[in-house]
Amino acid sequence: MSGMMMKLLLLLCLSLGTISVVHCGDPTLFFTWNITYGTISPLGVPQQVILINGAFPGPNINSTTNNNLVVNVFNNLDEPFLLTWSGIQQKKNSWQDGTLGTMCPIPAGKNFTYQFQVKDQIGSFMYYPTTAMHRAGGAFGGLRVNSRLLIPVPYAPPEDDYTVLIGDWYTKSHSTLRKQLDSGRTIAKPDGVLINGKNAKGDGKDEPLFTMKAGKTYKYRICNVGLKNSLNFRIQEHQMTLVEMEGSHTVQNTYESLDVHVGQCMAVLVAADQEPKDYYMVASTRFTKSVLLGKGIVRYENGKGPASPELPEAPVGWAWSLNQFRSFRWNLTSSAARPNPQGSYHYGKINITRTIRLVNSAAKVDGKLRYSVSGVSHVDPETPLKLAEYYGVANKVFKIDTIKDEPPADADTKVVLQPNVVNQTHKDFVEIIFENHEKSLQSWHVSGYAFFAVAVEPGKWTPEKRKNYNLLDAVSRHTIQVYPKSWGAIMIAFDNPGMWNIRSEQAERRYLGQQLYITVPNPARSLRDEYNMPDVSLLCGVIKDMPKPPPFSSN
Ligand SMILES: *[C@@H]1O[C@H](CO)[C@@H](O)[C@H](O)[C@H]1NC(C)=O
Ligand SMILES: *[C@@H]1O[C@H](CO)[C@@H](O)[C@H](O)[C@H]1NC(C)=O
Ligand SMILES: *[C@@H]1O[C@H](CO)[C@@H](O)[C@H](O)[C@H]1NC(C)=O
Ligand SMILES: *[C@@H]1O[C@H](CO)[C@@H](O)[C@H](O)[C@H]1NC(C)=O
Ligand SMILES: *[C@@H]1O[C@H](CO)[C@@H](O)[C@H](O)[C@H]1NC(C)=O
Ligand SMILES: *[C@@H]1O[C@H](CO)[C@@H](O)[C@H](O)[C@H]1NC(C)=O
């Protein structure tokens, strides 16, 4: 039995030895994960998938604010592998962020132990592979961070707390999809949509994904773990009250359906207030010519009767989606991970010290498809950027400030392949504009930080558009969608030194270069600002045999 090994221990500081990241007094959760290939048939066709301890999707991590997480990952695939903990801010700790710019991948047949703290965070997150196109095979799962008991949550405790991973799905293996991208083509359209790795057949024999007791209220955490498509999520006959989004308590509006873009998570409350029987939950593709749909059963305990085959309709068009985005508000009076109200941080009153405009584009380079940011299509050097910087050999591995804050006029057509790294002064308050001139929707993620999603609007951004920003109660989150021919504006306080990935959540765009890194330096090499590189860090590339640099100092 290779089940998930998990122990909850209260560690004493003395027993920690060289573990620098695990914090005294805060409980530690231990996991041992075996990453293997397996064969299952989520869409009725047997195919290769990636399992964690035999499971697809992977196990759900259930943690509480400030817990330390220790995850020993055994890579039993035939190629290097990494996981990222999407939305976990990794304070002072980009060493654990699991992207190829921050860590050497775990070689096939080897293991690596991630150690990080879910510091001052609450909410609904997920983890997934960042190497190759592994995310197309699975190895993703939910990661929840519960509030500590002493911090009030702005709603009554639900009867149960469910994780719903929705995503588009390809029947081709991750290696076939990768070959397609390597040969210069797109991965084209997915073959279906899965909910927690399944799609109900509707033949009356489907097992329920979730059960509810009539009269009770349940929390559902919905994350889009897919590769490409925005999905609309809804439950027959049931309303959803939005309570949290990527780590923030929101104003509790009620929705019939929610658009969840790739990489995003939302938590809703659902009251089991309908006739006790089965109902379908539905996730269907948005903004696509032909609609793909996945469904799963929600069953009332002791209920009678099958789910109606009549599925609730999805909204049409992206104006609806934009209006929904605008309805999402930060609850200013509720506390999040700490006792002070969320709204006590007046982000709208902080002066912007820098504006970075990022333009995404698709172009052919030597006949092959590439995606870029402001004219640069990122490639991962063999030496992770963070390690090159730490060992003082950054100039041998990458150039800094490859892109300008103002994109070049020909950023849509002229594309250079190289590592894409931007230097960002520690503690600056920065505005980033995502400019989407393309006809497709984009979904952007920032690692290491939460940002304020202050505006998404159609058309071209100009400085005058700042008057339209929500400077009061925009949601603090980590992923933002930008509609076709539109722009999105976010604000970030760059208070977390490290090497941080800004990426398209759309897997083929990220794989083909639509990402960059922001390095927030720690020039004083101070432990107050950043942890030392862990002793267990894997080494690769030019730093592999170099002497270890002196550790950061404690002053
Ligand atoms: C992982 O699973 C594989 C295949 O089931 C097995 O051979 C291997 O021993 C397992 N490794 C660990 C560390 O559990
Ligand atoms: C998750 O953790 C919380 C806090 O330790 C606990 O109360 C709850 O029962 C756990 N839920 C599951 C599904 O394990
Ligand atoms: C690999 O796993 C072993 C056995 O659990 C553990 O002792 C060791 O620390 C792990 N290695 C790394 C680099 O995490
Ligand atoms: C915001 O949170 C408070 C708890 O501080 C709660 O009482 C209130 O209902 C929430 N407001 C909305 C609009 O959801
Ligand atoms: C922000 O900038 C304005 C105008 O330059 C200045 O008057 C104000 O003091 C600044 N505020 C802060 C908090 O630095
Ligand atoms: C990055 O910016 C800092 C100022 O924040 C500066 O001191 C440093 O020299 C810059 N690094 C590079 C490599 O340009």
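What counts, and where the lines are drawn
- Residues numbered from 1 in each chain as written.
- Chains lettered and ligands numbered in written order.
- Predicted model: local features only at pLDDT ≥ 70, side-chain atom pairs only at ≥ 80, totals over all residues.
- Heavy atoms only, no water.
- UniProt positions renumbered as here; feature names shortened; annotations may be inferred.
- Helix = DSSP H or I, 4+ residues; strand = E, 2+ residues; numbered from the N terminus.
- Rg over C-alpha atoms; globule rule 2.2 N^0.38 Å.
- Buried < 20%, exposed > 50% of the residue type's maximum accessible area, 1.4 Å probe, protein only.
- Contact = heavy atoms within 4.5 Å.
- Lys, Arg positive; Asp, Glu negative; His and termini not counted.
- Salt bridge = Lys/Arg side-chain N within 4 Å of Asp/Glu carboxyl O.
- Polar contact = N/O pair within 3.5 Å; in protein donor to acceptor, adjacent residues only side chain to side chain.
- Patch = residues over 30% accessible without salt bridge, like charges linked within 9 Å, V, L, I, M, F, W, Y side chains within 5 Å.
- Areas by Shrake-Rupley, 256 points an atom, 1.4 Å probe, with all protein chains shown as cover.
- Charge placed at Lys NZ, Arg CZ, Asp CG, Glu CD.
- Disulfide = S-S within 2.5 Å.
- Near = heavy atom within 4 Å.
- Nonpolar A, V, L, I, M, F, W, Y, C, P; charged D, E, K, R; others polar.
- Pairing = 2+ DSSP bridges.
- Axes fitted to C-alpha atoms, helices over the stretch in contact; angles between N-to-C directions.
- Arc of directions from axis to C-beta.
- Domains from an automatic or database assignment.
- Buried area = accessible area lost by both parts, 1.4 Å probe.

Labelled according to an unreviewed UniProt entry, the protein appears under the name L-ascorbate oxidase homolog, originating from Rubus argutus. The protein has a UniProt comment under Sequence similarities (unreviewed entry) that states "Belongs to the multicopper oxidase family."

1. Notes on the overall build of the protein
Secondary structure summary: the protein contains five helices and 34 strands in total. Computed over C-alpha atoms, the radius of gyration of the protein comes to 22 Å, within 12% of the 24 Å expected from 2.2 N^0.38 for 555 residues, which places it in the range of a compact globule. In terms of its C-alpha atoms, the protein occupies a principal-axis envelope of roughly 70 × 55 × 50 Å. A buried classification covers 59% of the 555 residues belonging to the protein. Long-range contacts, defined as pairs at least 24 residues apart, comprise 78% of the intrachain contacts of the protein with a sequence gap of at least 6.

2. Some points on the side chain of K219
By the element assignment, K219 lies in strand 13 (residues 217-224). One buried charged side chain, K219, makes no salt bridge at all; its nearest oppositely charged neighbour is D161, positioned 4.1 Å away. There is a polar contact of 2.6 Å between the side chain of K219 and the side chain of Y155. When residues no more than four places from it in sequence are discounted, the contact partners of K219 are Y155, P158, D160, D161, Y162, A267, V268 and L269.

3. Some words on a positive patch on the surface
Taken together, the side chains of K189, K289, K439, K460 and K485 make up a positively charged region of the molecular surface. Relative to the helices and strands, K189 is located in the loop between helix 1 (174-182) and strand 11 (192-195).

4. A short note on the UniProt feature "domain: Plastocyanin-like" (unreviewed entry) in the protein
UniProt's feature table lists "domain: Plastocyanin-like" (unreviewed entry) at residues 35-148, 160-301 and 383-522, given in the numbering used throughout. For residues 35-148, helix accounts for 0% and strand for 42%, while the C-alpha atoms at its two ends are 31 Å apart. Here residues 160-301 runs as 6% helix and 46% strand, with 13 Å between its end C-alpha atoms.

5. Description of the state of the cysteines
The full count for this structure, using the stated rule, is two disulfides. Between the sulfur atoms of C104 and its disulfide mate C540 the distance is 2.1 Å. Negative torsions about the S-S bond denote left-handed disulfides, and the value of about -90° found for C104 with C540 makes this one left-handed. Residue C104 is located in the loop between strand 6 (83-86) and strand 7 (111-117), and its partner C540 is located in the segment after strand 34 (515-520); the two are separated by 436 residues in the primary sequence. Each member of the pair C104 and C540 is classed as buried. Here C223 pairs with C265 through a disulfide, and the sulfurs are 2.1 Å apart. Taking the sign of the S-S torsion, about 110° here, the bridge from C223 to C265 comes out right-handed. One end of the pair, C223, is in strand 13; the other, C265, is in strand 19 (residues 265-271), and 42 residues separate them in sequence. Just as C223 is buried, C265 falls in that class too.

6. Describing the pattern of salt bridges
Counted by the stated rule, this structure contains 20 salt bridges. For the salt bridge of E406 with R357, the shortest nitrogen-to-oxygen distance reads 3.3 Å. Here E406 is found in the loop between helix 4 (394-397) and strand 25 (416-417), whereas its partner R357 is found in strand 22 (residues 354-365), with 49 residues between them in sequence. By relative accessible area, which is 19% here, R357 ends up buried.

7. Here we look at the site of ligand 3
Taken together, N72, F74, N111, F112 and T113 are the residues near ligand 3. N72 has a polar side-chain atom sitting 3.1 Å from an oxygen atom of ligand 3. Counting residues per element, the ones that place at least two in the shell around ligand 3 are strand 5 (68-75) and strand 7. If one sorts the elements of the shell around ligand 3 by residue count, strand 7 sits on top with three residues. For the shell around ligand 3, a count of residues per class yields two nonpolar, three polar and no charged.

8. Concerning the sheet that holds strand 12 (residues 210-212)
The strand order across the open sheet formed by five strands is 12-21-20-14-18, and the pairing between neighbours is mixed. In this open sheet, the two strands that pair with only one neighbour each are strand 12 and strand 18 (257-260). Neighbour-to-neighbour, the strand axes of the sheet open up by a mean angle of 25°, direction not taken into account. Pairing geometry for strand 20 (residues 278-285) and strand 21 (residues 293-300), over seven bridges, is antiparallel. Directly across from Y279, in strand 21, lies its bridge partner V298. The strands touched by helix 2 (residues 318-327) are strand 14 (231-235) and strand 18; relative to strand 18, the strand with the most contacts, the crossing angle is about 95°.

9. Points about helix 2
Within the sequence span of helix 2, burial applies to S321, L322, Q324 and F325. The arc that holds the buried residues of helix 2, viewed along the axis, is 160°, so those residues lie on one side. Of the surrounding elements, those touching the buried residues of helix 2 are strand 17 (254-255), strand 18, strand 29 (451-458), strand 30 (476-477) and strand 31 (479-482).

10. Topic: the domain arrangement of the protein
In terms of domains, the protein is made up of domain 1 (3-146), domain 2 (161-327) and domain 3 (345-531). When each unit is reduced to the centre of its C-alpha atoms, the spacing between domain 1 and domain 2 is 24 Å. Across the boundary between the two partners, domain 1 contributes 29 residues, which contact 36 residues of domain 2. Interface area lost by domain 1 to domain 2 is led by L43, S124 and M133, which between them contribute 25%. On inspection of domain 1 and its partner domain 2, the count reaches two salt bridges. Between the two partners, domain 1 and domain 2, sit 12 residue pairs in polar contact (both at pLDDT 80 or more). Elements supplying a minimum of two residues to the side of domain 1 that touches domain 2: strand 3 (47-52), strand 8 (123-129) and strand 9 (141-146).

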